[in-house]
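Listed here are the chains, written in short residue letters.
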Amino acid sequence: MRKISKIIVTAMAAALLPAMAAQAEELISIGFAQVGHESDWRTASTKSCQDVFSEENGYDLSFVDCDNDEAAQKEAVRSFIEQDVDYIIIDPIIATGWDTVLTECEDAGIPVIVIDRTIDDSDKYAAWVGSNFKTEGLAAGEWLAAYAEKQGIEELNVLTISGSTGSSAQIGRSEGFNEVAEKYGWNLIDEQTGDFTEAGGQEVMENYCKSYEGQFNVVVCQNDNEAFGAMTAMDNAGVTYGPGNDVILISYDACTAGLEDVKAGKITADFECNPLAAPFVEEVIKKLAAGEEVEKEVYMVEHWYALEDQIVEFEVDGEAQEMTLVTDEVIEAQY
Ligand code: AHR
């Protein structure tokens, strides 16, 4: 009896094998070298890729969390070349130092799609899908100018907690905001990196609170997680922040928890960085597979968020900006 069932199972497996092999062959293999897991934004970005590039959708995704280590990220890309994947996705930790490894991808005939952050010293990739970080910085700056005018605040003394140094997200946001600050003659007191983490934001803000006690009225955090850490440090130092308090607190990303803090009157305005690039990457892959031309640059749509009293009119590069009112529905719909 036992022998018969074993024969049946073996026969069934033999019948299924060619079908399984054919299915495995049909899967499109993708290697994704992700920056790390430093923020809520990053978690949303990873989830977006894992949801879109699932086996169910016809993909075999090799995911590597590079833990913010540039060397590990290049190693991950080289391991994808060895695996001979069909496509490689890179979210570059920093913007430079990429030409050699991208040349290796090109030589192996593997198309690379860059997401989120940019690569600034090589164009050996098929497409990039991400955010205009300089526009985010300009928007935060021009919003601050309009809001300060509305509030009758004449002097702005700004402390910035920047993102990971050398990442295009940090470079663009600093460039954009500082350009506006220079235009209006604001006092940029200091800018130190919090590495896009909550712990980093808290540590930098603790130092700021000691070094610049009573000297600042604006804190710019280059992502929500740094803002969470900065708020803890300000709470401990007895500094109040948010609309109507000592400090105007500006943040970037606008993830769910960031918008909750806008709604709670803690973050004064939050400038979105949209992490849901994967569906656009899939479109690029489908076009490449069909031998069609792809756009070299695809920009994500982003929104600027605040509560009613902090919504002001301003322009970026001559274009009027619309702000989005934070409501429970808006928070609910966010990543
Ligand atoms: O590159 C995007 C930035 O990286 C996001 O603002 C930040 O949260 C993330 O870590």
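Above this text you will find the structure in question.
These figures come from a predicted structure and were not determined experimentally.

Chemist: Now, about the sheet that holds strand E7 (residues 187-193): what can you tell me, with residues and values included?
Modeler: Spatially, seven strands are ordered E7-E6-E8-E9-E10-E12-E15 in an open sheet, and the strand pairing comes out mixed. At either end of the open sheet lies a strand with only one pairing partner, and these are E7 and strand E15 (323-325). On average, each strand axis in the sheet is tilted by 20 degrees relative to the strand beside it, whichever way the strands run. Against the sheet, helix H5 (residues 133-151) touches strand E8 (218-221), strand E9 (248-253), strand E10 (269-272), strand E12 (304-306) and E15, its axis set at about 155 degrees to E9. Those strands touched by helix H7 (residues 198-211) are strand E6 (157-162), E7 and E8, and its axis lies near 150 degrees from that of E6.

Chemist: Could you give me a rundown of empty space enclosed by the protein, with the residues and numbers involved?
Modeler: Under the counting rule described, the total for this entry stands at three cavities of 30 Å³ or more. Together, Glu38, Ser39, Trp41, Arg42, Asp116, Arg117, Ala169, Arg173, Phe196, Asn223, Asp253 and Cys273 line the largest cavity. Put simply, the parts of the chain that give the lining of the largest cavity at least two residues each are helix H2 (40-52) and helix H6 (168-184). Split by residue class, the lining of the largest cavity holds four nonpolar, two polar and six charged. For the lining of the largest cavity, the two domains that each supply at least three residues are domain 1 (26-131 + 276-299) and domain 2 (133-272 + 302-333). For the second largest cavity, the calculated volume is near 40 Å³. Looking at the second largest cavity, the residues that line it are Trp41, Ile115, Asp116, Val129, Gly130, Ser131, Asn274, Pro275, Ala277 and Met300.

Chemist: Got a sec to walk through the sheet that holds strand E2 (residues 59-65)? Specific residues and values, please.
Modeler: With parallel pairing, the six strands of this open sheet are ordered in space as E2-E1-E3-E4-E5-E11. Sheet topology places E2 and strand E11 (297-299) at the edges, where each strand pairs with a single neighbour. The sheet shows a mean angle of 15 degrees between the axes of neighbouring strands, taken without regard to direction. Alignment of strand E3 (residues 87-90) against strand E4 (residues 112-116), held across three bridges, turns out to be parallel. When the sheet's bridge partners are listed, isoleucine 89 is paired in E4 with isoleucine 113. Lying on the sheet, helix H3 (residues 70-83) is in contact with strand E1 (28-34), E2 and E3; it crosses E1 at an angle near 170 degrees.

Chemist: Please set out the packing of aromatic side chains residue by residue, giving values where relevant.
Modeler: Enumeration over the complete set of coordinates arrives at ten aromatic pairs. Seen from their ring centres, tyrosine 184 and tryptophan 186 are 5.6 Å apart, and the 15 degrees between their planes marks the pair as stacked. By relative accessible area, which is 40% here, tyrosine 184 ends up partly exposed. Seen in terms of ring centroids, phenylalanine 271 and tryptophan 304 are 5.6 Å apart; in terms of plane orientation they differ by 45 degrees. Their pairing is tilted. Highlighted residues: phenylalanine 271 in strand E10 and tryptophan 304 in strand E12, separated in sequence by 33 residues. Given a relative accessible area of 0%, phenylalanine 271 falls into the buried group.

Cut-offs used in this document
Residues numbered from 1 in each chain as written. Predicted model: local features only at pLDDT ≥ 70, side-chain atom pairs only at ≥ 80, totals over all residues. Heavy atoms only, no water. Pairing = 2+ DSSP bridges. Helix = DSSP H or I, 4+ residues; strand = E, 2+ residues; numbered from the N terminus. Axes fitted to C-alpha atoms, helices over the stretch in contact; angles between N-to-C directions. Contact = heavy atoms within 4.5 Å. 1 Å grid on protein atoms, 1.4 Å probe; cavity = no way out; pocket = protein on both sides within 12 Å on 5 of 7 lines; lining within 4 Å. Points joined across faces, edges and corners; volume = space filled by probe spheres on them. Nonpolar A, V, L, I, M, F, W, Y, C, P; charged D, E, K, R; others polar. Domains from an automatic or database assignment. Phe/Tyr/Trp six-rings, centres within 6.5 Å; stacked < 30°, edge-to-face > 60°. Buried < 20%, exposed > 50% of the residue type's maximum accessible area, 1.4 Å probe, protein only.

The analysis is restricted to geometry; functional conclusions fall outside its scope.
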